[in-house]
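Single-letter residue listing:
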Amino acid sequence: MFRDLKRIFLKKVKKRGGFVNCHAHFDRAFTINGQNLRLSQKLLKEKWALVDEIKRESTQLDFEARIEKAIKIMIKQGVKICATFVDVDKITGLKALRAAEKIKKKYKREIKFLLINQTLKGVIEKEARYWLEKALEYVDIIGGLPSRDRPYEEKHLNILCQYAKETGKMLHVHVGQENNPHEHDTELLAKKTIEYGLQGRVVAVHAISLAAQPPKTRKRVFQLMKKAKIGVICSPSAALSMKQLPYKSYLHNSIAPVSELLKEGIPVGLGVDNIADIYMPFGDGNLWTETRMLMEACRYYEIDPLVDIATTNGRKLLGIA
């Protein structure tokens with residue numbers, strides 16, 4: 001029976017045009033090894049700096065090889081649309097982005113490949129802003145990471161929203177990654193989306209911390225998200241891998257409250273996030289595995305809505321008709 005259900009699901013996904021992978025970090029994929037495996041135990045904020053050495057040592061050809069390997073994994077499993085964040089900062093410069101652009105052109109007949117800039121060094125400091133502006137002409141979608149500029153998350157979002165407004169590009173923002181009941185950047189993102197008139201053009205990536213907050217708080221944030229027409233991208237394996245924090249909260253799994261989001265009419269898409277790096281050393285980019293993780297972590301087994309998550313919703317969250 002299990003095989004039958006899996007076959008039914010995959011057949012429906014294929015009929016909808018194949019999987020849509022909404023979120024990844026292909027430029028640092030396949031960089032895990034026996035020497036740096038220990039770094040996978042570090043906190044997320046520490047890893048933001050720990051990847052600098054790999055980035056510094058990588059040539060454009062290195063980036064190309066990693067991104068191409070990841071794209072081939074996507075194509076092999078029938079992914080037709082895929083988006084990846086790419087680091088653009090003082091360490092990497094434009095090497096990784098130019099590499100991704102080259103792979104994008106090489107495989108354009110096989111997969112629609114969208115590029116998003118990652119802001120691991122923030123956007124507030126002058127040099128960080130310089131690299132954000134340099135990335136704008138290359139990327140399909142603007143990326144953000146407000147917690148990198150904490151406690152100035154609002155200023156970070158003001159800058160991103162202004163660029164999104166000026167360029168007309170969508171905005172994908174990492175929020176609520178810590179599974180932390182005191183982290184409220186998903187709510188802030190919704191408020192800023194409304195303030196800048198970007199309804200329907202902003203996507204929250206992860207939003208795990210929503211699940212750690214009281215039901216009354218979640219309900220309020222859901223209403224704001226609906227007003228802002230914000231969707232959510234869930235990367236189940238990455239969500240479940242988040243380190244436990246010493247806080248009291250409502251009992252929950254470390255993942256966005258997917259079933260509640262769907263019930264509220266908030267679209268949810270699927271992403272693989274990291275592949276074989278210090279963030280997710282055993283991540284393999286398999287979208288069926290990610291779907292299974294989502295099912296079990298959220299105890300959600302409705303086939304047709306899950307197919308929507310893996311296909312139709314993903315296209316919507318990437319701005320593809």
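Look a little higher up for the structure.
This section reports on the structure supplied with the text. (Residues numbered from 1 in each chain as written. Predicted model: local features only at pLDDT ≥ 70, side-chain atom pairs only at ≥ 80, totals over all residues. Heavy atoms only, no water.)

**Here's the deal with the packing of aromatic side chains**
The line we're drawing: Paired rings are identified among Phe, Tyr and Trp, the last through its six-membered ring, by centres lying within 6.5 Å, and are further divided according to the angle between planes into stacked (under 30 degrees), edge-to-face (over 60) and tilted (the rest). Starting at the N terminus, helices and strands are each numbered in turn, a helix being any DSSP run of H or I of at least four residues and a strand any DSSP run of E of at least two. Burial classes follow relative accessibility: with a 1.4 Å probe on protein chains only, a residue under 20% of its type's maximum area counts as buried, one over 50% as exposed, and anything between as partly exposed.
What the rule picks out here adds up to four aromatic pairs. For the ring pair Phe 9 and Trp 288, a centre distance of 5.5 Å and an interplane angle of 45° mean the geometry is tilted. Placement of the pair is Phe 9 in helix H1 (residues 2–15) and Trp 288 in helix H12 (residues 287–298), with a sequence separation of 279 residues. In this structure Phe 9 comes out as buried when scored by relative accessible area, which is 2%. Relative accessible area serves as the criterion here: at 13%, Trp 288 is assigned to the buried category. Put simply, the rings of Phe 9, Phe 19 and Trp 288 touch in pairs and so form one group of aromatic residues.

**Regarding the layout of surface pockets**
Selection criterion: Cavities and pockets are defined on a 1 Å grid built over the protein atoms alone: a cavity is a set of grid points where a 1.4 Å probe fits but cannot escape, while a pocket is an open set with protein on both sides within 12 Å along at least five of seven lines, and lining residues are those with an atom within 4 Å of any such point. Grid points are joined across faces, edges and corners, and a volume is the space filled by probe spheres set on the points. Three classes are used: nonpolar for Ala, Val, Leu, Ile, Met, Phe, Trp, Tyr, Cys and Pro, charged for Asp, Glu, Lys and Arg, and polar for all others, with Gly counted as polar.
Counted as a void, the largest pocket has a volume near 530 Å³. Forming the boundary of the largest pocket are 30 residues, of which Leu 43, Leu 44, Lys 47, Met 242 and Lys 243 lie nearest the centre. Listing elements by their share of the lining of the largest pocket, those giving two or more residues are helix H2 (44–50) and helix H10 (236–240). For the lining of the largest pocket, the element with the most residues is H2, which contributes four residues. Of the residues belonging to the lining of the largest pocket, the class tally is 13 nonpolar, ten polar and seven charged.

**Focus on unusual backbone geometry**
Cis rather than trans, the peptide bond between Arg 150 and Pro 151 has omega equal to 10°. Mapped onto the elements, Pro 151 comes out in the loop between strand S4 (141–144) and helix H7 (153–167). Although it is not a glycine, Phe 30 sits at a positive phi angle of roughly 60°. Inspection of the secondary structure assignment puts Phe 30 in the loop between strand S1 (20–21) and H2. Residue classification places Phe 30 among the partly exposed residues on the basis of a relative accessible area of 25%. Although it is not a glycine, Ala 207 sits at a positive phi angle of roughly 50°. Position of Ala 207 relative to the elements: it lies in the loop between strand S6 (202–206) and helix H9 (215–228). On the basis of relative accessible area, Ala 207 is assigned to the buried category, the value being 0%.

**What about the pattern of salt bridges?**
Put simply, the rule reads: Salt bridges are identified by distance alone: a Lys or Arg side-chain nitrogen within 4 Å of an Asp or Glu carboxyl oxygen.
Counted according to the given criterion, the structure contains 23 salt bridges. Glu 154 is the salt-bridge partner of Lys 192, the closest N and O atoms lying 2.9 Å from each other. Of this pair, Lys 192 sits in helix H8 (residues 185–195) while Glu 154 sits in helix H7; the two residues are 38 residues apart in sequence, bridging distant segments of the chain. For Glu 154, a relative accessible area of 42% puts it in the partly exposed group.

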